[in-house]
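Commentary on secondary and tertiary structure
Listed here are the chains, written in short residue letters.
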Amino acid sequence: MIKVTIDDIEIEVEEGTTILNAARMIGGDVVPPAMCYYSALPGTGGKCRTCLVEVAAGSTKDPRPMPKLMVSCSTQVMDGMIVKNKTSERVIENRAGVVEFLLANHPLDCPVCDQAGECDLQNLGFENGKEATRYEEERRTFEPIDIGDHIKLNMNRCILCYRCVHVANQLTDQRVHGALHRGDHTEISTYIEKAIDNDFSGNMIDVCPVGALTDRTARFKSRVWFLNPMNATCECTKCSGKAVVWMFGKEVYKVTTRQDKYGEVEQVDGKPQWLCDECRFDKKDVSKWTIEGARHIDRHSVISQGHYEKPNPLDNKPKNIK
Amino acid sequence: MGRKLLLEHVDVPGIETYDVYRNHGGYKSVEKALKTMSPQEVVEEVQKSALKGRGGAGFPTGMKWSFLAKPEGVPRYLVCNADESEPGTFKDRYLMEKLPHLMVEGMITSSYALGANTSYIYIRGEYMFVLEILEKAIAEAYAKGWLGKNILGSGYDLDLYVAPGGGAYICGEETALLESLEGKRGNPRMKPPFPAIKGLYGCPTVVNNVESLCTVVPIINIGADEYLKIGTEKSSGTKLISACGNLVRPGVYEIEMGITVEEFIYGDEWCRGIANGKKIKALIPGGSSVPILPAHLITKTAAGETRYMSYESLSDGGFASGSMLGSGGFIVFDEDQCIVRNTWNFARFYSHESCGQCSPCREGTAWMEKVLHRLETGKGNMRDIDLLADINKKIEGNTICPLGDAAAWPVAAAIRHFREEFEWHVTHPEEAVKRNYGLLKTPEITL
Ligand SMILES: Cc1cc2nc3c(=O)[nH]c(=O)nc-3n(C[C@H](O)[C@H](O)[C@H](O)COP(=O)(O)O)c2cc1C
Ligand code: SF4
Ligand code: SF4
Ligand code: FES
């Protein structure tokens, strides 16, 4: 075990842990935002640069500060390392810069975007951005395309985190889904708009942090904060059958994987609980599911403002009673 | 006349053919290395020569070689970086085109030193004709027993291939190059791990510039002690400079490190001064990525000392008043040239060539390009100049590969030294347009 200090909080972690994961063990404000790293997808990270932190001391052995800000998702901790996240002016300033970059070409069309309310970019901008943008130029635009029967790709909203590419690479070995072109013309696409023909392609929707990949069977049906997320299971031979069904009254509007507080798919014994396309897209009948109970949304998310969770008697105790 | 190590025989008719090259001392370094030296001794000789990488960063070649991991049973690779795409740099092309056998010889001697049995020359897609020249030389070398199995009866085997890229600047970044060589999209990899540990196909790999590898030949031939006598204390040997811009005699020159910048620009042996009797306005000494120098900092440093053609003298003054030797792409601007227009032109290049992987570079380079284009066409305002400086700071150091820095530095330096000219474009929008499109008659270019 080695010792690392993040924002003045000390923690012991195993060797090989990244700064980001060490911060997640502490939790709270100490955790840098991560828009491209995704634990269940090896190889992700390093691209968005939102997780930049300052390393004020490299290690006990070599306590020199690192001159550049480091990406916490891909930098391993060393014994005696001192990291500054929220306590570093430089980090706050440069992270605001990254937010500005990510939003530079973003259409800001939240009012018509299905992801609104559960969008990591909204949260990132709210927590780490500045009030106004200085970007006055024309934004790049693409036409939305269908990649397969179930998935809509709206490239205008993509932040090029490459998470979906890593999902696709795990699913097929033929590189059918990836990036085309370069620079700010880079475009996520399937090879000549082909679909990924795979039972697990829908998971790309869940890993997408923004509204670039959305579920065509659920789009525009309802705002996410009007839905009640329920933990549900079903008998499935292809996947774990462990899902969250998003209900409106007695109807299932949308089915997703179960995600933790960082928006990442839950893992059981180190195995990500991905969903198969049949469970996700075809089981919109509540009788196909066994409802376990309300899903706790562990973020200060607009979704939890719906108060859909059954009232907990303990929560209702008047504040002055111990 | 300065001493020539690389271009000594470049004017000999037929030097691109095996026989002529061999008759002029060709392949001697291979003989010497394979017959009289151990691979480790070759590495040590290169280390001793203090050769600095000629690809731009100036990292000591021998040190890089000594970092190469050597796990049992895992192949090692040598990859020559012939992607040469930095604007203003055209020395590698000259070397390979004129002296293809020197390139092959450098590859053999270096591969032997590193224990690589398969080596690649990764060449940019636009150099297809050079690829043909190289393949011809390689075929000759195979036929004469310099490549293949059991070279010179030493038991050492080497296969050498030339692999063309698609013509992307970013594929000159060593890890993007390796991705491309593996047949993937040329996105730079995260470092660490460095190629010396995990490079091509996950195996230990050394990536070196064309000129670096060619220079190994004379180092082995004359020995490191002799090589060290050439050049300055901190910049040993000779360097190819590709001089371009408003010069009387642009071209590729081999200089001894440490001649003065003044002599190189005005000397009879070299560029012979500024064309059309004009005055010099600015200099970019090491390819488009390095900071531009205004007239008063070209032949003298800020401290008033003579500026020399060497790593240390060109960078004297840091970024505030110095620049870098970089790749040796020496670009000279005369008094009629517009710095704003040139800065925009470079920004356009970097924005076009950004791989688009990381957000600061992808969005920042394109943003700078757009703002500079507005400024240059007289549609900018004073705010834009500070905005550019700030975008710069947000890119620099925050990206995966150095392309982000390479895009930020020239803009920062141009504003640092030529701020009035940017401001003049804001206050004189009409004259700015006339000056650029009238005087220079440069056509409007759109991406
Ligand atoms: C964007 C970018 C482009 C580059 N292009 C080239 C190139 O065209 N040729 C080259 O030799 N090095 C290029 N480099 C430098 C290489 O990454 C690498 O440092 C070099 O090939 C090492 O060779 P050397 O040690 O012999 O100089 C480039 C670097 C960057 C960041
Ligand atoms: S489509 Fe979504 S998951 Fe894919 S790269 Fe874009 S933002 Fe990331
Ligand atoms: S700095 Fe630019 S070129 Fe380099 S990896 Fe990032 S986006 Fe690609
Ligand atoms: S999460 Fe670390 S760079 Fe994106």
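All of these numbers come straight from a predicted model, not from anything done at the bench.

It is worth spelling out the site of ligand 3 at this point. By nearness alone, 13 residues border ligand 3, and B:Cys355, B:Gln357, B:Cys358, B:Cys361 and B:Cys401 come closest of all. Looking at the shell around ligand 3 residue by residue, the classes come out as eight nonpolar, five polar and no charged.

Here the focus is the domain arrangement of chain A. Residues and elements named next belong to chain A. Looking at the assigned domains, one finds that chain A contains domain 1 (2–91), domain 2 (110–131 + 142–218) and domain 3 (224–304). With 14 residues of domain 1 in contact, the opposing surface of domain 2 contributes 14 residues. It is Met35, Leu41 and Lys47 in domain 1 that bury the most area against domain 2; as a group they hold 51% of the surface buried on that side. At the boundary of domain 1 with domain 2, the tally comes to zero salt bridges. Applying the counting rule to domain 1 against domain 2 returns three residue pairs in polar contact (both at pLDDT 80 or more). A breakdown of the residues in the side of domain 1 that touches domain 2 according to their chemical character gives nine nonpolar, three polar and two charged.

Across the six residues of strand β7 (residues 251–256) of chain B, five count as buried, placing the element largely inside the fold. In textbook terms, the turn of a hairpin is the stretch between consecutive antiparallel strands, and for strand β6 (residues 238–245) of chain B and β7(B) this stretch comprises five residues.

What follows concerns the site of ligand 2. As a structural note, the neighbourhood of ligand 2 is formed by A:Cys158, A:Ile159, A:Leu160, A:Cys161, A:Tyr162, A:Cys164, A:Ile188, A:Cys208, A:Pro209, A:Val210, A:Ala212 and A:Leu213. Residues of the shell around ligand 2, tallied by class, amount to twelve nonpolar, no polar and no charged.

Residue and element names in this part refer to chain A. For the structure on display, the rule yields 44 salt bridges over all chains. Here arginine 216 makes a salt bridge to aspartate 146, at a shortest N to O gap of 3.5 Å. Of this pair, arginine 216 sits in the loop between β10 (213–215) and β11 (228–233) while aspartate 146 sits in strand β6 (residues 145–147), placing them 70 residues apart in sequence. With a relative accessible area of 29%, aspartate 146 lands in the partly exposed category.

This part takes up the domain arrangement of chain B. Residues and elements named next belong to chain B. Domain annotation for chain B reports domain 1 (18–228), domain 2 (238–334) and domain 3 (339–434). For domain 1 and domain 3, the distance between their C-alpha centres works out to 35 Å. Tallying the contact residues gives 13 residues for domain 1 and ten residues for domain 3. Across the domain 1/domain 3 interface, buried area totals approximately 930 Å², and carbon plus sulfur atoms make up 68% of it.

About the criteria used
- Residues numbered from 1 in each chain as written.
- Chains lettered and ligands numbered in written order.
- Predicted model: local features only at pLDDT ≥ 70, side-chain atom pairs only at ≥ 80, totals over all residues.
- Heavy atoms only, no water.
- Near = heavy atom within 4 Å.
- Nonpolar A, V, L, I, M, F, W, Y, C, P; charged D, E, K, R; others polar.
- Domains from an automatic or database assignment.
- Contact = heavy atoms within 4.5 Å.
- Buried area = accessible area lost by both parts, 1.4 Å probe.
- Salt bridge = Lys/Arg side-chain N within 4 Å of Asp/Glu carboxyl O.
- Polar contact = N/O pair within 3.5 Å; in protein donor to acceptor, adjacent residues only side chain to side chain.
- Buried < 20%, exposed > 50% of the residue type's maximum accessible area, 1.4 Å probe, protein only.
- Helix = DSSP H or I, 4+ residues; strand = E, 2+ residues; numbered from the N terminus.
- Pairing = 2+ DSSP bridges.

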